[in-house]
Every structure is written in structure tokens, then in C-alpha cells.
2 protein chains.
Amino acid sequence: MPYTAFFSERMGRALRNPGLYKFAVLVAVSGGGVVAYADARPVAAEYPQAAPKKKLVVLGTGWAGTSFLKNLDTSLYDVRVVSPRNYFAFTPLLPSITCGAVEPRSIVEPIRNIMRKKTGPVKFSEAECYKIDPKSKKIHCRSNIGTNLDGNGEFELDYDYLVVALGARSNTFNTPGVPEHCHFLKEIEDAQRIRRSVMNCFEKASLPNLSEEVRKKNLHFVVVGGGPTGVEFAAELHDFVQDDLSKLYPDIKDLVKISLIEAGDRLLTMFDKRITQFAEEKFKRDGIDVKTHFKVVKVSDKAITMTNSATGEVNVPYGMVVWSTGIGTRPIMMDLMNQIGQANRRVLATDEWLRVLNCENVYALGDCATITQRKVMEDISAIFKVADKNNSGTLTVKEIKNVLDDIIERYPQVALYLKTKQLKDFSDLLKVSEGDAVKESLELDIERFKKALAQVDSQVKMLPATAQVAAQEGEYLARCFNRMEICEEHPEGPLRMRGTGRHRFKPFRYRHFGQFAPLGGEQTAAQLPYDWISIGHSSQWLWYSVYASKQVSWRTRFLVVSDWMRRFVYGRDSSCI
Amino acid sequence: MPYTAFFSERMGRALRNPGLYKFAVLVAVSGGGVVAYADARPVAAEYPQAAPKKKLVVLGTGWAGTSFLKNLDTSLYDVRVVSPRNYFAFTPLLPSITCGAVEPRSIVEPIRNIMRKKTGPVKFSEAECYKIDPKSKKIHCRSNIGTNLDGNGEFELDYDYLVVALGARSNTFNTPGVPEHCHFLKEIEDAQRIRRSVMNCFEKASLPNLSEEVRKKNLHFVVVGGGPTGVEFAAELHDFVQDDLSKLYPDIKDLVKISLIEAGDRLLTMFDKRITQFAEEKFKRDGIDVKTHFKVVKVSDKAITMTNSATGEVNVPYGMVVWSTGIGTRPIMMDLMNQIGQANRRVLATDEWLRVLNCENVYALGDCATITQRKVMEDISAIFKVADKNNSGTLTVKEIKNVLDDIIERYPQVALYLKTKQLKDFSDLLKVSEGDAVKESLELDIERFKKALAQVDSQVKMLPATAQVAAQEGEYLARCFNRMEICEEHPEGPLRMRGTGRHRFKPFRYRHFGQFAPLGGEQTAAQLPYDWISIGHSSQWLWYSVYASKQVSWRTRFLVVSDWMRRFVYGRDSSCI
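Computed from a prediction, not measured in an experiment: that's the story for all the values here. (Residues numbered from 1 in each chain as written. Chains lettered and ligands numbered in written order. Predicted model: local features only at pLDDT ≥ 70, side-chain atom pairs only at ≥ 80, totals over all residues. Heavy atoms only, no water.)

**Details of the relation of the copies chain B and chain A**
Note that the two copies of the chain are related through a rotation about an axis and a translation along the same axis. Note the threshold: Superposing copies: least-squares fit, C-alpha atoms only, residues required to have pLDDT of at least 70 in both. Contact definition: two residues touch when any of their heavy atoms are within 4.5 Å.
With an RMSD of 0.1 Å, the operation that places chain B on chain A is a rotation of 180 degrees combined with a shift of 0.0 Å along the axis. Taken together, the rotation and translation describe the operation of a two-fold axis. Rotation axis and chain B: the residue whose C-alpha lies nearest the axis is B:Ser562, separated from it by 4.3 Å. A high fraction, 100%, of the interface residues of chain B reappear at the interface in chain A, so the copies pair face to face through one surface.

In C-alpha cells:
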């Protein structure tokens, strides 16, 4: 593929003649098919252009940022990426890294490698953005690599469009001692530290001349947070101890204890109750001590303090704590939210097109943002006005049907409400509010229209902070950017309710493909669309195939699969590196 | 294999009857062959023993220590291993790790995993020995894992036999600034740090708003020391830049510079001059700047200062320095040498049986020790007396021939001298000193005997500090320990010259199998026995096969080979983790 690109580029450059250039492309196509067409574009950029490309700055290379970049036609913009990590990490496999089932390098792919295959050049800077200034359309960055750089490594960038995909940090709920003594599990480095720490606990407990109490303390692993990450880590650790470490540390294997602490009343709250029950029973059989209704109030260097209405405050000595209780806000996001009148929010609010509210040309996606779905009730008069084409002050069923698709597209809660209530269409909704007397000739005034739609906003839902949502948002936003000019002229979105004409793009719509919760022992719980639940070994194989297929490159796919094979044959490595 | 072992052990324990026990072994053998026999030994240990096993403490898990442990019959001793690393690392592949050709985990194997297959139990402690006390036969250790351990993690161990295989550290020749600003390349962690540092230099040089001068500075990689490690690292780095990074960092690839600084007059001094010449020419073609006759005198955070008789002192700004100029002494070894009257030496002196001089029951091997070969001239009167069986004051040729094998075994320099001078046997040597008048009836007095052997000690050679020597020493010493009791009764060594009877064991003899110097671009120089030299792609394949076959386990073999395959197909990973 690079050869074809190189060939067509060189040919095009040498010929400098549109006619001959087309011939060169033709020649190249015969050798490289579609590839040559895609790669030929940069050559076209050599012709003098009327307007310079708009500056598009992307912050972050996580799921949202990378998905955006992968789908973006980079030849249309002057693209610049700033991220403290020069790679994309397949984070759903982080718990597998903590115990060596998968190696860290197997789930990362350098951003430059991903970008190299794009049609236009992308400039990447490994730096941390510490301030966004939407008024002057600037971002301020700082290189976080050492101090050996002359100057302080700070720089500024201007933007025309800014895509914020900075993710979130771990939430400590301001519990004292957590940042100092607990491990988080959000980055590759976290997972590597946890792995080293697990091995250190075993080595510490193996030292001579220790009391059994001290050995037990060092082998007490505490996981705080019963969400999917915490549960998966506890299961991975249990398997690591059971499958591998018990053979290497036979003298102390019976002293190991894993505790899983959850403040709520059950594990895996976002999953179906059947999955929770299965997980809790499996953990009980495995000897993992699940403590629900326990709230951690303090962590010191020696013990973790928690409270429970029955037991009061208890102090438990530990060897290692992993803190995984959800996500919190990064300082830079707080600063931005203060600037744009979104203070006191947890994440940035965007509209349904991922545009940050009150902040022109800034887009936000992934864990750092959430979509604020407009309520039907807020816009009800506007909707009524748009639907009432003849300005009669009443709506006929026909008038409603004419704009119904636009309404449903703009306010997906309407469709959701119909589905939840098992209503076929809008007429059914009217039947509920109007009784059975719905005819074609029915005319609704605004009050009766309001009454019909009164309940639909109850279906407005926040999207979860998952990789799946972030990736879909990135893909969606890239498509919008790719069609910016076309859609300016030919808008494809729904009718504007509080304005004229149509929206440029269709609003973002999330499709849920299901979620996994690996429970250890080659068993996984899967909650698939339409509430289809599958638990056990077959789901584990589904998990393997989905996670292998979702890898960002063939390289990581090869590596992850060979890591799994290695683990099957040789087990996990227990070296302290 | 574990099943068979488990089976025979359980059967044996259940039956508790020697006759039935043999039957059990027989049954097991039919299922598991040799395995069952080997695994049956621990059961025998359950019978009460007359004397408790002797305490054997091994310090270090590098090439020497691991090779010793692998070959030791651990059922004969109460074995305890102390090392700050709980794994063995295949160090010849360290330069491959620095640029991601091979992953760190692929070349390490946990010591406990290696020891699990042994016949007797081995206790391992991950700790650093900081003091050896040979008078009270104790060692003092400190756990180097965190501070979360109650107490300070210090402990003492008694020993009956102590095997010191602590290796060496990098030698800075007290050059100021080296420990603070340079990378070494002795441990896995060093190689990981170098890899991160190389990538950081590229990321730093890619930041916006930098002058070309600063970019060039950040992309100047300096390697100090033209030995095999330095040369291999420079070659690896060049390949990494050429094959992989130049595609990902096209704007700055031409600013990269690699300098290789050597204080002597040529690279690879321990290799044949043809290899040096080839390497220097290849590096010149590759654009690697080889600076011989340059001595580094200072390293600051910004520049490296070196002197040369022609240029005087020069200051060169750099992005990264790797220091690889040979090995120095660890503090604990200096302390031990002071205690036993070996002060001011660079490494511990041992005799030809690897016993530390002036230090009972302490053995030393690998990079921390060197064998002090007894000189013939020092023992000449004793040799004469032993050979002169009839105490006549003169030696006949027959008398000499009777003890010649013992002399050659005890003083290998004699054989070496004959070989170097192309003499067939001892009679030839006499011919040289006596003229052609050597007859069977010739009788030598001590002076003429001395004259004949006067030059042989010129052939006494120090063994190089290589993995090959360390591994052979470990294997040799393990065999000695395995046969300690048998050889006490039936000594197998040469005649004692300054005593009576025979030495217990044959002295250690090193067999050189050759040495590699990888030069990059899939080319390797190999210096094989009998001065056979091979340079090029074929040697690279020899290198691959030798290094794959020498791996400590099938697991690491599989991993190293799959890493090589991965690199062939997908190149090296450039993620900053």
C-alpha cells in the first residue's frame, strides 16, 4: 500500500498536468485499486487553494478522540492533536493487564501510526492542555516530558474548531488518604503499577521471620467499588492467585484474601439483577469477600476505615487497595465550565450535535461531556407553531403526521416513550390522552397537544460513560466534520423548532450493543440489547471474539490473541518488573 | 507431569511401606517414565534423617546464580536464595529491549517457576543482601519493596555454604554527572527507561515552536563505550529510527544523530580486527558518528564534555546518553573484600574451584569474581617434589610423564603454552630448553626443570565478564555440590602439589563457544572458536537460532520468537509507556 501511494504521488508530482495526472492515477489504480484513489488526494492539495484550511484542534487520544480522528477526512482541515499520551489504549482490557493476562503493549497503538494511514497530514504533540480559552480561541499546553527541553515546554495553539475529548479522572469523593495510598485503574501505567504491587505483596509476605498476622495483612487485597471494573479486577486477581501464584507461593497461598467493597446494595448496579446475583454467588464460592452497604471513609498507610449501619466504623489492615468508584472531573474541565457558565456541573453539557453549550465552535465528547437532550415540554409552543402550518391555532392529525418524523428525530424520547408504553404510533398516544375518539378530523389546540406529550420527557436518559458511547460519538462527529460544507448547503437534520429551516446534521443517536462483565474462571456475564442475558463460558468466548474484533489495528489484534494463547499454555508471568 | 508427581506422592504417602512404595513408583513409572522417579525423591525425605541438611545460601539470580540453581540437586541441601529480583533475565537481549524489538517480559522467567521443577524445595526471598559476615557465617538482608511492611524488612540468614553471584554494576570511572544524567544498560528497568527516553526525545523534538537547534539537540543520541553492548545499542537505535520512526516522524527524521564514543583506538576491542573494521565501515555508511580516542570527562544536564589530543575539550549538547563502559564493583563486594584481605581489588579472587580465597565455605562466580590461576613458577619446587617419586633430586622423562596429566589439569597454562608454540608434548618443550639432546635417560635437576617451564605462565588469562563464563561456572559449581559426598571419598581432581592426595574436584575449565556482535540491518559479526569469523546476514540467522535455543524456558523461547516475528511484520512499537 505505501508503494502504490508513493508511486502515484511521485508520478503526479513529476507530471504536473491534470490530464496526465489522471493517467497516472489510472495507472496506479490498476495496481492498487481504491487505495490509490484515497492516497492521491494529498497531491491535489499541492495546487494553490483559495482559502487556507480551517484549524481543527483535537484534545485527547482516548476512545472518543481516536474514533473521531480515525473517521475524519484529515485532508479537509489543518488537524492538530494534543494529548499527554502518544498512543491509543484499548481500556476495556486494563483489568486483564493488572494480572498479566494481557501485556500493556498489546493494547496500545501509537496515534502517529493510526494517523499515518490518513489522507491528510495530522500534527501530533505529546503535551497536556492545561487551559482552554474559548474567547480568544486558544489553548495553552505544556509538555510533560522531563525538563531537558530548552525553555519550559509550554506553547499555545489557535483553533477554528476545537474537539475536546479529554476524558475523566478517578473519583475519590474527597475520601482522605485515597490519592496517597490507593491504586486507580484508568491508565496503562495504573495497571502496570497494580501488577507490580500485587507481586510485591506476595514477595513481602514471603520474607522470613514474619508473623502470620503480618503475612495476612500483606496478602489482603481490597477493591473499592462494585462496578464492572472493580468486579473484573477482583475476578482477575482471584484467577491469578488460583491458577498461577498458588503454585509458586505454596506456603502462603491460604493466607490470601480478596475483599470487594461497595457502598450500594448490590454489585454491578447497571446490569440486570440476575447478573448481580450470579456474580455475588460466584464470588462467594470463590472466597471473595463481598461487602455491600460499606462506605470507605478513610485510608491510611496501614488500614482502610469503613462504616456500615450495622457494624459502625471498622478498621481493616490491607496489603493493597484498588479504588474504582467511578469518574470525576479533570481540573481543566472545571476551569472551562466556570468560564462558560456551566459551573457546579460534573461534566460539560453539549447539545445533541455534541456542541458545547454557550461555547462557539467547541465540541465535546466521551467521558468529559454529556448530551443535554432538549425537553419536548420546553419547546412545546415552538413545536406547535412549526406543525401548525396554516396558523389556525389548532393541529389536525395530518399536520402532526407531516412533522412527526422531525419531532421524533429531534426528540428521541418521543419514540422511546411510545416503545416503552407499547404504543404503535402517535395516534395511539392521542388515543390515550383523548380517549378512543381519535379521528382524522380531530383538531388539537395547544393545551390538548401538551396533554398528549406530557409524559414523554420522562424517557430522557443520560448516556453511560463507556467506551462504546465515546467511540460512537467520535465516529458521528467525524462524519459531521467530513460533510460540513455539503450539509451547509443541503441540511439533512430535522426541522428547526425554534428557528427556520432545517438543522445541518441529524442529532447524535446512540445504539447500545450490549455490555460485558467478566467474572473470572472463564465465565462472563453479558447483557445484550433487548435485555437478552447470557452468563457463563459461552459468553466468555463471545467476549474474546468481540474484544479481538474491536482492536484498533491488526497488530494489536495479533498481540492480544497471542497473549491469550500464551496465558492458556504458560499462565501469567509473576516477575516483579 | 504434575499429575504423575501428585499421583506417586499421594500413593507413597498412603502406603508408607517401602515394598508397596516401590510398587507405587512402578505404577507411576508406567504412566510417567523418568519423571516419576525424579519426583519420588521428596517422599523419601519424609523418613527421619540422621543429620539435618546443610544450609546453602545463594546470593543473586543472574546468569551464574540461576545456572547454579538449575543444575543443583536441591534435595541435598537446605537451599535459600536471596536476590533483589525475583526473576532471571536473559541479559544478552537487553539491547533489543531498548528499542522494542523484544519485550521485557519475553526474556524474564520467575525464579520460583524455575525452582518449582526441582527435586527439593528452594526458599526464595526478594531482598538485597547488604552485608556478608564470613566470620559468623551470616548474611544481612533488607527487603527493597516499599515501606508498607511492619518492621523495617531486615533479616539475617545463617549459612554453611555461601554462593556469591551478585554480579557487578556499571563503571562510571568516577566521571562527574554520569549517575545523574546517563542511562546504563544492565537491568531490565534500564532498558525500559532507555526505550521511554528515546521516544520522549522524539516527542520533545516534535513540539511546536522550537528552533531547529533545539530539535537537533533533543535528537542527538550519544553512546559512550565501544564494547559489544554499546555497539549493539547504537545499531538497534539506528534500525529503530530508520525502519520505524522515520515513517512516524517524517518532519524531524533528518535531524537525528547517533554518536558512539570510545576512549580506545577502536570499537569492539575484544573481537578480531576484521570485525572492528567491518563495524566501523558499516556505521560510517549508516551515518553513525564513531569517535575513537575521545574520553568523556563530564556530563551535565545539557551537554557532554569530552577530550581528545587533537581537538582538546569539546562540549556537545545531547538529548540522551547511554553509558556502557564496562563493569564496576558493588559496595557489598568491596566491604567483603576489605574483610578478607582482598582490599583494592576490582573483583573477588577465587581459586580454580571457585572458592573465595581466605574465606572458608564461600564460593563466588560470575561478574563479581575472577579465578586466580596458580602460577607454575610459584609452585615449581612443590611440583618437582611430587614428580620426583624416588627423591633422587632429579627427574627422569618417565617421572615427568607420570604426573604430566595432573600438572596440565592443575595448570592449564601448560597445555595452552604448548598449543600456542605449536609443540606436540612435553618432550618438545624439553627440546626447546635442552636442545635436541633429549633422550629417555635424560635427568633434569630443579634448575633445568624451571628453565623448561619458565615461559608457560605467560599464558595465564583472565576470563571475560560474560554470560557464557557465568553460566558455565554455575553449572560447574552445581556439579561439585551435587557430588560433594562422593568426591570426598573418591577425589577426582589432580594431585595436590602442596599437600598430599588428590583435589576433590577437577578445577573449573572454561570452554569458549564464540561471541556475537550484532551490527544492525540484520547483520551480525560472530567470532567463533578457532578464530573463525563470520559477518553478515547468515550470522544474524545464527544469532537468532543460538539466542532462541539458549532461552531458559519454553515460555520465554516462544515469546522471544513471536516478538521477532511481530517485529518483522509490524515493526517496533513507539508508544511512550
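**A few points about the interface of chain B and chain A**
Under the convention used in this document: Throughout, the accessible surface (probe 1.4 Å) given up by two parts as they are put together, summed over both, is called the buried area. Salt bridge criterion: a side-chain nitrogen from Lys or Arg within 4 Å of a carboxyl oxygen from Asp or Glu. Pairs of N or O atoms within 3.5 Å make up the polar contacts considered here, provided that, within protein, one atom can donate a hydrogen while the other can accept it, and that residues adjacent in sequence are counted only when both atoms are side-chain atoms. The helix count covers DSSP runs of H or I at least four residues long, the strand count covers runs of E at least two residues long, and both are numbered beginning at the N terminus. Just so you know the grouping, Ala, Val, Leu, Ile, Met, Phe, Trp, Tyr, Cys and Pro go in nonpolar, Asp, Glu, Lys and Arg go in charged, and all remaining residues, Gly too, go in polar.
Contact residues are listed per partner, giving 56 residues for chain B and 56 residues for chain A. The contact between chain B and chain A buries some 5300 Å² in all, and 59% of this surface belongs to carbon and sulfur atoms. Where chain B meets chain A, there are 8 salt bridges. Put simply, B:Glu203 and A:Arg112 hold a salt bridge, and the shortest N to O gap is 2.6 Å. In this assembly, chain B and chain A are joined by 16 residue pairs in polar contact (both at pLDDT 80 or more). Looking at the side of chain B that touches chain A, the elements that each hand over two or more residues are strand 4 (108–110), helix 6 (111–116), strand 5 (122–126), strand 8 (154–158), helix 8 (188–205), helix 9 (212–218), helix 10 (228–248) and helix 21 (554–570) of chain B. Of all the elements, helix 8 of chain B adds the most residues to the side of chain B that touches chain A, at 7 residues. Looking at side-chain class alone, the side of chain B that touches chain A contains 24 nonpolar, 12 polar and 20 charged residues.

**Brief notes about the UniProt feature "domain: EF-hand" (unreviewed entry) in chain A**
Formally: UniProt positions are given in the numbering used here, feature names are shortened, and annotations may be inferred rather than shown by experiment.
The residues that UniProt annotates with the feature "domain: EF-hand" (unreviewed entry) are residues 375–410 of chain A. When the span residues 375–410 of chain A is considered, its composition is 61% helix and 6% strand, and the gap between its end C-alpha atoms is 10 Å.

**Some details on the confidence of the model for chain A**
Residue and element names in this part refer to chain A. Convention followed: Per-residue confidence from the predictor is given as pLDDT, running between 0 and 100.
Taken over all residues, the pLDDT of chain A has a mean of 87, while the share at 70 or more is 89%. Taken together, the stretch residues 1–46 has pLDDT below 50 and engages in 27 contacts with residues farther than four places along the chain or on a different chain. Overall fold confidence (pTM) sits at 0.87, and the ipTM for the predicted complex is 0.85.

**Quick look at unusual backbone geometry**
Residues and elements named next belong to chain A. Heads up, the rule is: Only protein chains enter the calculation, and the probe is 1.4 Å; a residue is then buried if its accessible area is under 20% of its type maximum, exposed if over 50%, and partly exposed in between.
A positive phi angle is found at His293, which is not glycine, with a value near 60 degrees. The residue Asp531 is not glycine, and still its phi comes out positive at about 55 degrees. Note on placement: Asp531 falls in the loop between strand 25 (523–528) and strand 26 (532–536). On the basis of relative accessibility, which here comes to 53%, the residue Asp531 falls in the exposed class.

**Focus on the pairing of strand 15 (residues 303–308) of chain A**
Residues and elements named next belong to chain A. Quick note on the threshold: Between any two strands, at least two bridges found by DSSP are needed for them to pair.
Taken across its 6 residues, strand 15 has 5 buried, putting it largely inside the fold. Sheet topology note: the strand 14 (residues 295–299)/strand 15 ladder contains 4 bridges and is antiparallel. Opposite Lys298, over in strand 15, you have Thr305 as the bridge partner. What sits between strand 14 and strand 15 in their antiparallel hairpin is a turn of 3 residues. Two elements, strand 15 and strand 16 (residues 312–317), share 6 bridges in a ladder whose sense is antiparallel. Pairing of Asn308 across the sheet is with Gly312, part of strand 16. Hairpin connection, strand 15 to strand 16: the antiparallel pair is bridged by 3 residues.

**Things to note about the packing of aromatic side chains**
Quick note on the threshold: Note on aromatic pairs: the rings of Phe, Tyr and Trp (six-membered ring only in Trp) are paired at centre separations within 6.5 Å, and the planes decide the class, stacked below 30 degrees, edge-to-face beyond 60, tilted for the rest. Counting as a charge over the ring demands two things of the Lys NZ or Arg CZ atom: a distance within 6 Å of the ring centre and an angle within 35 degrees of the ring normal.
Tallying each qualifying case throughout the model produces 43 aromatic pairs over all chains. Ring plane angle 70 degrees and centroid distance 5.5 Å describe the contact between B:Tyr77 and B:Phe481, whose orientation is recorded as edge-to-face. Linking B:Tyr77 in strand 2 (residues 77–83) with B:Phe481 in helix 18 (residues 467–482), this pair joins segments that are 404 residues apart in sequence. This pair shows no difference in class: B:Tyr77 is buried, exactly as B:Phe481 is. Taken together, the ring pairs in this structure connect A:Trp63, A:Phe88, A:Phe90, A:Phe516, A:Trp541, A:Trp543, A:Tyr544, A:Tyr547, A:Trp564 and A:Phe568 into an aromatic cluster. The side chain of A:Arg557 reaches across the aromatic face of A:Trp554, ending 4.5 Å from its centre. The ring of B:Tyr130 has B:Arg142 sitting right over it, with the charged end atom 4.0 Å from the ring centre.

**What about the pattern of salt bridges?**
Within the structure shown, the criterion is met by 66 salt bridges over all chains. Across the pair A:Arg566 and A:Asp563 runs a salt bridge whose closest N-O atoms are separated by 3.6 Å. Of this pair, A:Arg566 and A:Asp563 both sit in helix 21 (residues 554–570), separated by 3 residues, roughly a single helical turn. The pair A:Arg566 / A:Asp563 is uniform in exposure class, with both members buried. Among the ionic contacts, a cluster of salt bridges with common partners joins A:Glu103, A:Arg195, A:Asp563, A:Arg566, A:Asp573, B:Arg105, B:Glu109 and B:Arg555.

**Re the sheet that holds strand 14 (residues 295–299) of chain B**
Strand pairing in a sheet relies on backbone hydrogen bonds. The paired strands run either parallel or antiparallel. Residue and element names in this part refer to chain B. Rules: To obtain an axis, a line is fitted to C-alpha atoms, over the contacting stretch when the element is a helix, and the angle between two such axes runs from 0 to 180 degrees between their N-to-C directions.
Read across the open sheet, the 3 strands follow the order 14-15-16; overall the sheet is antiparallel. Taken across any chain shown, the strands that pair with only one partner, and hence form the sheet edges, are strand 14 and strand 16 (312–317). Ignoring which end each strand starts from, the neighbouring axes of this sheet average 30 degrees apart.

**A closer look at a positive patch on the surface**
Using the following cut-off: Two joining distances apply to patches: 9 Å for like charges and 5 Å for nonpolar side chains (Val, Leu, Ile, Met, Phe, Trp, Tyr), and every residue must have over 30% relative accessible area and no salt bridge. Computed with the Shrake-Rupley method and a 1.4 Å probe, the accessible areas treat only the protein chains shown as cover for residues. Charged residues are defined narrowly, with Lys and Arg counted positive, Asp and Glu counted negative, and His plus the chain ends left uncounted. To locate a charge, take NZ of a lysine, CZ of an arginine, CG of an aspartate or CD of a glutamate.
A cluster of basic residues, A:Lys70, A:Arg116, A:Lys117 and B:Lys247, forms a positive patch on the protein surface. Structurally, A:Arg116 is set in helix 6 (residues 111–116). Taking relative accessible area as the criterion, A:Arg116 reaches 40% and is therefore assigned partly exposed.

**Topic: helix 15 (residues 412–420) of chain A**
Residues and elements named next belong to chain A. Those residues of helix 15 lying buried are Pro412, Gln413, Val414, Tyr417 and Leu418. Lining the buried residues of helix 15 we find helix 14 (397–410) and helix 16 (426–434). Gln422 sits one or two residues past helix 15 and shows a positive phi near 55 degrees.

**What to know about the packing of helix 20 (residues 537–549) of chain A against helix 21 of chain A**
Residue and element names in this part refer to chain A. Note the following rule: Convention used here: angles under 35 degrees read as roughly parallel, angles over 145 as roughly antiparallel, angles from 65 to 115 as roughly perpendicular, and any remaining angle as oblique.
It is at 9 Å that the axes of helix 20 and helix 21 come closest, and there the two elements cross at 150 degrees. In terms of orientation, helix 20 and helix 21 fall into the roughly antiparallel class. Between helix 20 and helix 21, the contacting residues are Trp543, Tyr544, Tyr547, Ala548 and Ser549 on the first element and Arg557, Val561, Trp564, Arg567 and Phe568 on the second. Here the contact of helix 20 with helix 21 is composed, by residue class, of 7 nonpolar, 1 polar and 2 charged.

**Quick look at the sheet that holds strand 13 (residues 289–292) of chain A**
All names here are of chain A. Across the sheet, which stays open at both edges, the 4 strands sit in the order 13-12-11-17 with parallel pairing between neighbours. Strands at the two margins of the open sheet, each flanked by one partner only, are strand 13 and strand 17 (320–323). When strand polarity is set aside, the average angle formed by the axes of neighbouring strands in this sheet is 15 degrees. Sheet analysis places strand 11 (residues 220–224) next to strand 17, joined by 4 bridges and oriented parallel.

**Brief notes about helix 18 of chain B**
We count it as follows: Every helix has an expected span of 1.5 Å times one less than the residues it contains.
Taking 1.5 Å of rise per residue, the 16 residues of helix 18 of chain B would be expected to cover 22 Å, and the 22 Å separating its terminal C-alpha atoms lies within 8% of that figure. Every buried residue belonging to helix 18 of chain B is among B:Val469, B:Ala470, B:Ala471, B:Gln472, B:Glu473, B:Gly474, B:Tyr476, B:Leu477, B:Ala478, B:Cys480 and B:Phe481, and all of these are buried.

**Some details on the packing of helix 14 of chain A against helix 15 of chain A**
All names here are of chain A. Helix 15 packs onto helix 14 with a crossing angle of 95 degrees between their chain directions and a minimal axis gap of 4 Å. When the axes of helix 14 and helix 15 are compared, the pair comes out roughly perpendicular. Between helix 14 and helix 15, the residues in contact are Ile407, Ile408, Glu409 and Arg410 and Pro412, Val414 and Ala415, respectively. Within the contact of helix 14 with helix 15, the residues separate by chemical class into 5 nonpolar, no polar and 2 charged.

**Overview of the state of the cysteines**
Residue and element names in this part refer to chain A. Just so we agree on the cut-off: Here, the term disulfide refers to a pair of cysteine sulfur atoms separated by no more than 2.5 Å.
One pass over the full model with this rule turns up 0 disulfides over all chains. The thiol of Cys141 is unpaired, and the distance to the nearest cysteine sulfur, on Cys129, comes to 4.7 Å. The structure places no disulfide on Cys480, whose sulfur is separated from the nearest cysteine sulfur, that of Cys487, by 7.5 Å. Taking the relative accessible area as the measure of exposure, Cys480 reaches 6% and is therefore buried.

**A look at the environment of A:Arg509**
All names here are of chain A. Mapped onto the fold, Arg509 is located in the loop between helix 19 (484–489) and strand 24 (515–520). Note: C-alpha distance between Arg509 and Asp243 (266 residues apart in sequence) is 43 Å. The contacts of Arg509, once residues within four sequence positions are left out, are Ile408, Glu409, Pro412 and Gln472. There is a polar contact of 3.4 Å between the side chain of Arg509 and the backbone oxygen of Glu409.

**Points about the side chain of A:Arg557**
All names here are of chain A. Inspection of the secondary structure puts Arg557 in helix 21. The buried charged residue Arg557 lacks any salt bridge partner; its closest oppositely charged side chain belongs to Glu109, at an N-O distance of 9.7 Å. For Arg557, the residues in contact, after removing those within four places along its chain, are Ala548, Ser549 and Gln551.

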